[in-house]
Structure formats: C-alpha cells, structure tokens
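# Tertiary structure, described
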Amino acid sequence: YMKKFNKALLIPLTGALLVTACASPQVAYVDQNSVNSLSTNFNQNDLRTTAQNMATQIIQSGKMNQCKSYTISPVANKTDQYVDTSVMTNALADKMQNSSAVKSTYVLSIDELGNQTDELSRQNQSGLYDQSTTAKTGKMKGAQCRIDGKLTSDTSVSPSGKQTRVDYTFFVQVFDVQQGTAVWRNSQNIAKGMQ
C-alpha cells in the first residue's frame, strides 16, 4: 500500500516541478522614465531625455527668437547600431513648439512635407472641392532657421573583453538658412558601460 501511495504522489509532484521550471517570465509595466541599464544600446529613454535636454538648452539660450520660423531636420544616426532617431526629432519639435519662450513658428520638416503636398494636391487638382474653400498652393511659410542633429558613438572594450563602454554624443546646431551661419550649437554626452 505504501509503494502505491508514493508512486501516486510522485507523478503529480514531478508534473508540478516541470510546469514551474518551464514557466515563462512575468511581464509587468515599469516606469518609462526609469533608467534602462539592460544594455549599452541607446534606448528610447535615452533618445527622449537627451533630445528634451538639448531643446531646453536651445530655449534657454534665447537664440531661437532670432528666427521668425524654423524647421527640424531628421536627426542623423551615425552610430553602429539601429537607433530610431525620429523619437529625438519629435522630442525636439514637441519641446520647442510647446515652449512659451520660443516666439518663432515651426514649419514642416522634409519628412512631414509629403503629407502636406499630398493634401494640397488633393484639394486643388482632384476637382472634388469648391476652389473658394481650398488651401492654395504656393502659400506655405519657409523656414528662416533649420535645426540639425547628429548622434555618434564610440565603443571601447577592455583587453579581457569583459567590460564594454559606449560613449554617445548628440550634437545639435541651429542655422540661419539664408545666410548659412550658425545661430547656436552644442553637444551632450552620455556614457554607458557593462561589466
């Protein structure tokens, strides 16, 4: 009787151990602003924070008010990894556009211009709209200033291969489009290491 009881108990216990061992990790929401130290890659939090900090520096300099209007070029990714720099471009635009300290007007970037020209064409060339109510072509505002940004990186690995450090630099400059002169320029550095 005892041997039967032990075998009967052993089968459910083994099954429970297998289920526990094969259980997948639990997924949970985390604070999106917390520091992500899972890798040395430039992550979403780094992208937003760095761009917002740079926009704050531009705003505080007061230099943007030398421009009646401005646009933001897509931030160039010059690192050796995939980085969705549109997050940086959008964060710069959001911070600048929503600041009461910036008196200049934001005009469409090259990336955004496609949708605008498509809409103008639809209204003016499709024959579907009363022409007295459509937006007219040739009336868009040009940008007096352009904001350019570039993200670069430099990776160092220890001789043992056990330590890695990546130094990132986000470089931004504001140009007067007509004169081709720099209105403002600065860079911000971030270093990430793994042991």
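Everything discussed here concerns the structure shown above.
To keep things clear, this report deals only with the structure shown in the data block. Counting from 1, residues in each chain are numbered in the order their sequence is written. Local features in this predicted model are restricted to residues whose pLDDT is 70 or higher, and side-chain atom pairs enter the listing and the counts only when it is 80 or higher, whereas totals over whole chains, interfaces and linings include all residues. In computing side-chain properties, one takes all heavy atoms of the structure into account and sets aside hydrogens as well as water.

It is worth spelling out the overall build of the chain at this point. What counts as a helix is a DSSP run of H or I of at least four residues, what counts as a strand is a run of E of at least two, and both are numbered from the N terminus. Counting secondary structure elements, the chain contains four helices and six strands. A total of 195 residues make up the chain; the buried ones form 30% of that total. In what follows, residue pairs with any heavy atoms lying within 4.5 Å of each other are defined as contacts. Within the chain, counting contacts between residues at least 6 apart in sequence, those at least 24 apart form 66% of the total. Throughout, the Shrake-Rupley method with a 1.4 Å probe supplies accessible areas, and for residues the shown protein chains are the sole cover considered. For the chain, the accessible area works out to roughly 13400 Å², and carbon and sulfur atoms hold 53% of it. Accessible area is worked out with a 1.4 Å probe on protein chains only. A residue is then buried under 20% of its type maximum, exposed over 50%, and partly exposed in between.

We now examine the state of the cysteines. The disulfide definition used here is simple: a pair of cysteine sulfur atoms within 2.5 Å. Within this structure, the stated rule accounts for one disulfide. One disulfide in the model links Cys67 with Cys145; its S-S distance is 1.9 Å. Around the S-S axis, the bridge from Cys67 to Cys145 shows a dihedral of about -80 degrees and counts as left-handed. In this pair, Cys67 is assigned in the loop between α2 (44–61) and β1 (69–72) and Cys145 in strand β4 (residues 145–157), connecting sequence segments 78 residues apart. You can call Cys145 buried: its relative accessible area is 1%.

Right, let's talk about the pattern of salt bridges for a bit. In what follows, salt bridge is the name for a side-chain nitrogen of Lys or Arg lying within 4 Å of a carboxyl oxygen of Asp or Glu. Counted according to the given criterion, the structure contains four salt bridges. Between Asp148 and Arg146 there is a salt bridge; the shortest N-O distance is 2.9 Å.

Within the secondary structure, Asp80 is located in the loop between β2 (76–78) and α3 (86–97). The spatial distance from the C-alpha of Asp80 to the C-alpha of Thr155 is 9.2 Å, given a sequence separation of 75 residues.

In short, the description is geometric, and any link to function would need to be established separately.
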